[in-house]
Amino acid sequence: MATMKEIAELSGVSRGTVDRVLNHRGVVNAETEKKVLEIAKLLDYQPNKAGMALAAQKKKLKIGVLLFGAENPFFDEVMTGLQNKLEELSIYGCSTFERRISFDLDSQLSTIDELVELGIHGLILSPYNDKKVQEKIDFLWKKNIPCITINTDLPASKRIAYVGSDYYKCGQTAAGLIHLFTGGIAKVGIVTGSHNVLCHEERISGFKDLLFTKHPGIQIVDIVENDDDDYKGYEAVSDLLERHPDLSVLYFTAAGVYGGCRAVLNASLQAPLKVVTFDAVPSTIEMMEKGIISATICQQPEEQGAKSLALLVDYLLTEKLPEETSVYMDLSIKIRENL
């Protein structure tokens, strides 16, 4: 493994100059800096972990975490993964400031400002799909506060990486499942969280596109929102079933599933419904065991939390951008028989 001494000898400069370049400790001539960085890259220089830990402890890294849904159990699992990774990174002296909000643009913008006031060095964010949030992420980047988006994305923003599922593929997977369940003839009601969350919209787009190209006998009769809320989910599904009594499938793109399933249980149906959801939170498992949910598509929430924190801390310590700008989780399908 290359050392600073070796880089200094090959660069024709002092070890102190190499230290200043690699650890950003003061001003160095631009030409000298370029030469040192090129040689360090050529030698595959890796910072000493003990030195990195000491520097991080002195800096006392503060990470902001801003997720949706204070009562959404999916994000509880994301936080579990994040907290487990935080313990692993305890040598670096990191701390987190966690906030959970509803689908509201002003709340997201004001909460980001609140976290910045607390002196965060980086932000893990489930972004509201709005240009103002993109501009806020871009502004943070200019202020040397990198952002990683999690579970849903703003790909045009200056976030350093996205961690989550390929939500378009999620929608296609749901369409494929429904084709298998129904033989290609069905009337589908879609229950989504919010049209202002990109992952919810892409799960609809992937679903629609696959039906259009491969399964035209499966028709979407309506799309309703529930804001990831079980009470609103109950009302939305009750109204949906009343207006479309011949519905044969419910496709949930987000949370609020338990409330929607309670509405199914209380409805007078012409025939049993097939229900496809996302994630294996406890309430979803309960409804699968009752035979209400046919299948659920899982996207590894704990891994999302752990990976997003690991990537952000690595960047804050090394200033190396992640090799992948989109880190996709594996999708898995659960039915009652493999819970």
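It should be noted that the structure appears before, not after, this text.
Scope of this entry: the structure provided in the associated data block. (Residues numbered from 1 in each chain as written. Predicted model: local features only at pLDDT ≥ 70, side-chain atom pairs only at ≥ 80, totals over all residues. Heavy atoms only, no water.)

Okay, the pairing of strand β4 (residues 147-150) next. The side-chain alternation of β4 yields two buried faces, one formed by C147 and T149 and the other by I148 and I150. Here 3 bridges tie strand β3 (residues 122-125) to β4, and the two strands are oriented parallel to one another. Counted as the bridge partner of L123 is C147 from β4. Each parallel crossover has a hand, and the one from β3 via helix α7 (residues 131-142) to β4 is right-handed. Direction of pairing for β4 relative to strand β5 (residues 161-164): parallel, over a ladder of 3 bridges. Opposite I148, over in β5, you have A161 as the bridge partner. (Buried < 20%, exposed > 50% of the residue type's maximum accessible area, 1.4 Å probe, protein only. Helix = DSSP H or I, 4+ residues; strand = E, 2+ residues; numbered from the N terminus. Pairing = 2+ DSSP bridges. Right-handed = clockwise from strand over helix to strand, strands pointing away.)

Whether parallel or antiparallel, the strands of a sheet pair through hydrogen bonds between backbone atoms. If you trace the 6 strands from one edge of the open sheet to the other, you get β2-β1-β3-β4-β5-β11, paired in parallel fashion. On the outer flanks of this sheet lie β2 (95-101) and β11 (326-328), each paired with one strand and no other. The average undirected angle you get between the axes of adjacent strands in this sheet is 15°. Docked against the sheet, helix α5 (residues 73-88) engages β1 (62-68), β2, β3 and β4, running at close to 175° with respect to β2. (Axes fitted to C-alpha atoms, helices over the stretch in contact; angles between N-to-C directions. Contact = heavy atoms within 4.5 Å.)

All right, on to the packing of aromatic side chains then. For the structure on display, the rule yields 7 aromatic pairs. Linked through ring pairs, Y162, Y167 and Y328 together constitute an aromatic cluster. Note that R203 overlies the ring of F278, its terminal NZ or CZ placed 4.4 Å from the centroid. A cation sits over an aromatic face here: K274 above F181, 5.7 Å from the ring centre. (Phe/Tyr/Trp six-rings, centres within 6.5 Å; stacked < 30°, edge-to-face > 60°. Lys NZ or Arg CZ within 6 Å of the ring centre and 35° of its normal.)

For the rest of this paragraph, the subject is the sheet that holds strand β10 (residues 295-298). Taken together, the 6 strands give an open sheet; going across it, the order is β7-β6-β8-β9-β10-β12, and neighbouring strands pair in mixed fashion. In the strand order of this sheet, the two ends are held by β7 (218-225) and β12 (332-334), each with one partner. The average angle at which neighbouring strand axes cross in this sheet is 20°, direction not considered. Pairing of strand β6 (residues 186-192) with strand β8 (residues 249-252), which is carried by 4 bridges, proceeds in the parallel orientation. Paired with V188 across the two strands is V249, which belongs to β8. Taken strand by strand, helix α10 (residues 230-243) contacts β6, β7 and β8, and its axis lies near 140° from that of β7.

Side chains that are nonpolar tend, in soluble globular proteins, to be buried together. Counting residues in hydrophobic clusters, the biggest one holds 51 residues, and the most contacted among them are L123, L125, V133 and L309. The residues touching L125, leaving out its near neighbours within four places in the chain, are L66, Q108, I112, V133, I137, C147, I148, T149, I150 and T152. (Core = buried A, V, L, I, M, F, W, Y, C linked by side-chain atoms within 4.5 Å.)

Once that is clear, we can look at α5. Here α5 is 16 residues long and its end C-alpha atoms lie 23 Å apart, about the 22 Å a rise of 1.5 Å per residue gives. Looking only at α5, the buried set comprises F74, F75, V78, M79, G81, L82, K85 and L86. The arc enclosing the buried residues of α5, seen along the axis, measures out at 160°, which places them on a common side. Along α5, exposed side chains directed more than 90 degrees from the buried face belong to E87 and E88. Packing partners of the buried residues in α5 comprise β1, β2, β3, β4 and α13 (301-318). Backbone nitrogen of F74 and a side-chain oxygen of the N-cap are separated by 3.0 Å at the start of α5; the cap is N72. (Expected span 1.5 Å × (residues − 1). Arc of directions from axis to C-beta. Polar contact = N/O pair within 3.5 Å; in protein donor to acceptor, adjacent residues only side chain to side chain.)

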